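A closer look at the structure
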Amino acid sequence: MSTLHDPLSLPAFTAPNRVFMAPMTRMRADQPGDTATELMAEYYAQRAGAGLIVTEGTQISPEGKGYFATPGIYSAEQVVAWHRVTDAVHGAGGKIAAQLWHVGRVTHPDLQNGGPGVSASALPFDGSTTIADIDGNLVSAPCPTPRELRTEELPRIVEDYRRATRNARDAAFDMVEIHGANGYLLQQFMSSSSNLRTDEYGGSLENRARFPLEVVDAVVDAWDAAHVGVRISPLIKFGGLDDADGLEMGLYIAERLNERNIGYLHLSEPDWAEGPVLDDDFRVKLREAFSGVIIAAGGYDAAKAERVLGSGWADAIAFGKSFIANPDLPTRLAIGAGLNPLRPELIYGGGRAGYTDYPTLERAA
Ligand code: PHB
């Protein structure tokens, strides 16, 4: 029996189905200013059949930016621009959450006024990001060693999250999602491989979770718990992490979020990024730790989705690449229709091609 197409009651609203759209970087924000465009509004509105859309990561401050042309949510212009996106999605009958992002060390001096990024510790991300060369072509560039954040600087970043939350609310988003996954700033604090701090934000598992939870508390305070989702990825290797106690941390965070009654917990499973496959044992434990809405994401197809939903380990599934290529994905899954293939070379940057030109079944017919 299919559960993907049943409605789902979240604390903030009822989603008409459990086929959610996962957050995905597309690098098409207007330059300079990192504002959302009319084309982005069209892209998201085309996908309004999702039970919930989660936007691409949107940086909470200039410091939180790590890739070329990602949108921000800290300036007045960005709020106006995002409001056009939420209007378009709501006009098409959809719901949309803003993903609040700080990349930490996954950035480049070209995006940071020439300086390094910031992180829990001065340990480099062993990998690269994507920036633009002087001709505007996307190029890969290594991320230099970040600067370790001083203890007294952390409240400034918490305030950036708070302002971004108020901005998302002003821009008429239906929720915010805190990006605590995939090796970006908050996970750089959680992970023992990227956090060597000796203050109360490093060392024990409780200490490493402290900053991410302070961010959650500020965001909840700026809106309310029902409108706040949190994304985690306990096993991910993406972002240069190798967590000795990643699963334990995942469960600890889930328990703390359960106490806070947040709107949902979003699990980014590692297999999309060539990480180890998450086993059912963790899904069972996560379900025990968190009694609210759980969204699972990461390389799902309909069969895997039905299995995990049917077992009660998740309440909704977020689809990524298949939602890029299929704006009407919920309909296609409901009737068992074929899927458009993804054109991976068109994921990042550029214009309409590979963005708003994927046909719906109706247009194809
Ligand atoms: C990416 O841009 O490659 C990216 C961004 C955010 C994620 C994962 C990947 O959570």
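See above for the structure.
Overview of the structure. Quick caveat: nothing in here was measured; it's all calculated off a predicted structure.

**Things to note about the layout of surface pockets**
What the largest pocket holds in volume is close to 900 Å³. Lining the largest pocket are 39 residues, and of these Pro23, Met24, Trp272, Lys321 and Tyr348 sit closest to its centre. Of all the secondary structure elements, the ones that give two or more residues to the lining of the largest pocket are β5 (96–101), β7 (128–132), β14 (316–319), α9 (321–325) and α10 (329–335). The space that makes up the second largest pocket amounts to roughly 300 Å³. Looking at the second largest pocket, it is lined by 15 residues, and the ones nearest its centre are Pro62, Lys65, Asp110, Leu111 and Gln112. A per-class count over the lining of the second largest pocket returns 7 nonpolar, 4 polar and 4 charged.

**What to know about the nonpolar core**
Phe211, Ile317 and Phe319 are the most contacted members of the largest nonpolar core, which totals 86 residues. Among the elements that line this core, the one with the most residues is helix α5 (residues 205–222), at 8 residues. When residues no more than four places from it in sequence are discounted, the contact partners of Phe319 are Leu4, Val19, Phe20, Met21, Ala22, Met24, Tyr300, Asp301, Ala305, Leu329 and Leu333. Leu8, Leu10, Ala15 and Phe20 belong to the second largest nonpolar core, which has 16 residues in total.

**Let's talk about helix α6 (residues 246–259)**
Here α6 spans 20 Å end to end across 14 residues, near enough to the 20 Å set by a 1.5 Å rise per residue. Taken together, the buried positions of α6 are occupied by Gly246, Met249, Gly250, Leu251, Tyr252, Ile253, Ala254, Arg256 and Leu257. At its buried positions, α6 is contacted by α4 (185–190), α5, β11 (228–232), β12 (264–268) and α7 (280–289). Taken from the residues just after α6, Asn261 is the one with a positive phi, measuring 55°.

**Some thoughts on the packing of α5 against α6**
The axes of two packed helices give the description: the angle between them and the distance between them. With their axes 11 Å apart at the nearest point, α5 and α6 run at an angle of 40° to one another. Here α5 is positioned oblique relative to α6, judged by the angle of their axes. For α5 against α6, the interelement crossing comes out right-handed. Residue-level inspection shows Leu205, Glu206, Arg208, Ala209, Leu213 and Val216 of α5 in contact with α6, the latter providing Glu248, Met249, Tyr252, Ile253, Arg256 and Leu257. Its residues placed into classes, the contact of α5 with α6 shows 8 nonpolar, no polar and 4 charged.

**Regarding empty space enclosed by the protein**
Applying the stated criterion to the full structure yields 3 cavities of 30 Å³ or more. Gly180, Gln187, Met190, Ile232, Ser233, Pro234, Asp243, Gly246, Met249, Gly250 and Ile253 together form the lining of the largest cavity. Of all the secondary-structure elements, those providing two or more residues to the lining of the largest cavity are α4 and α6. Partitioning the lining of the largest cavity into residue classes produces 5 nonpolar, 5 polar and 1 charged.

**Observations regarding the site of the ligand**
As a structural note, the neighbourhood of the ligand is formed by Thr25, Tyr67, Trp101, His179, Asn182, Tyr184, Phe238, Trp272 and Tyr348. One of the side-chain nitrogen or oxygen atoms of Asn182 is found 2.6 Å away from an oxygen atom of the ligand. Protein chains shield 85% of the accessible area of the ligand, which is 280 Å² for the free molecule. Comparing atom positions with the cavity grids shows the ligand to sit within the largest pocket. In terms of residue class, the shell around the ligand is built from 6 nonpolar, 3 polar and no charged.

**Some points on unusual backbone geometry**
The amide bond that connects Gln31 to the next residue, Pro32, takes the cis arrangement and shows omega of -10°. Considering the arrangement of structural elements, one finds Pro32 in the loop between β3 (19–21) and α1 (38–46). One non-glycine residue with positive phi stands out, namely Met27, at about 55°. Residue Met27 is classed as buried on the basis of its relative accessible area, which comes to 3%. Residue Ala172 is not a glycine yet carries a positive backbone phi of 70°.

**Topic: the pattern of salt bridges**
A full pass over the atoms with the stated rule returns 27 salt bridges. Taking the shortest distance from any N to any O, the salt bridge between Glu153 and Arg150 comes out at 3.7 Å. For Arg150, a relative accessible area of 45% corresponds to the partly exposed category. Its salt-bridge partner being Arg163, residue Asp160 comes within 3.2 Å of it at the nearest N-O pair.

**A word on the side chain of Arg231**
On the secondary structure map, Arg231 appears in strand β11. Not counting chain neighbours up to four residues away, the residues in contact with Arg231 comprise Ala22, Pro23, Gln99, Glu177, Ile178, His179, Gly180, Ala181, Asn182, His266, Ser268 and Ala297.

Reading the values: rules and limits
Residues numbered from 1 in each chain as written. Predicted model: local features only at pLDDT ≥ 70, side-chain atom pairs only at ≥ 80, totals over all residues. Heavy atoms only, no water. 1 Å grid on protein atoms, 1.4 Å probe; cavity = no way out; pocket = protein on both sides within 12 Å on 5 of 7 lines; lining within 4 Å. Points joined across faces, edges and corners; volume = space filled by probe spheres on them. Helix = DSSP H or I, 4+ residues; strand = E, 2+ residues; numbered from the N terminus. Nonpolar A, V, L, I, M, F, W, Y, C, P; charged D, E, K, R; others polar. Core = buried A, V, L, I, M, F, W, Y, C linked by side-chain atoms within 4.5 Å. Buried < 20%, exposed > 50% of the residue type's maximum accessible area, 1.4 Å probe, protein only. Contact = heavy atoms within 4.5 Å. Expected span 1.5 Å × (residues − 1). Axes fitted to C-alpha atoms, helices over the stretch in contact; angles between N-to-C directions. Parallel < 35°, antiparallel > 145°, perpendicular 65-115°, else oblique. Left-handed = near helix turned anticlockwise from the far one by under 90°. Near = heavy atom within 4 Å. Polar contact = N/O pair within 3.5 Å; in protein donor to acceptor, adjacent residues only side chain to side chain. Areas by Shrake-Rupley, 256 points an atom, 1.4 Å probe, with all protein chains shown as cover. Sits in = over half its atoms within 2 Å of the grid points. Salt bridge = Lys/Arg side-chain N within 4 Å of Asp/Glu carboxyl O.

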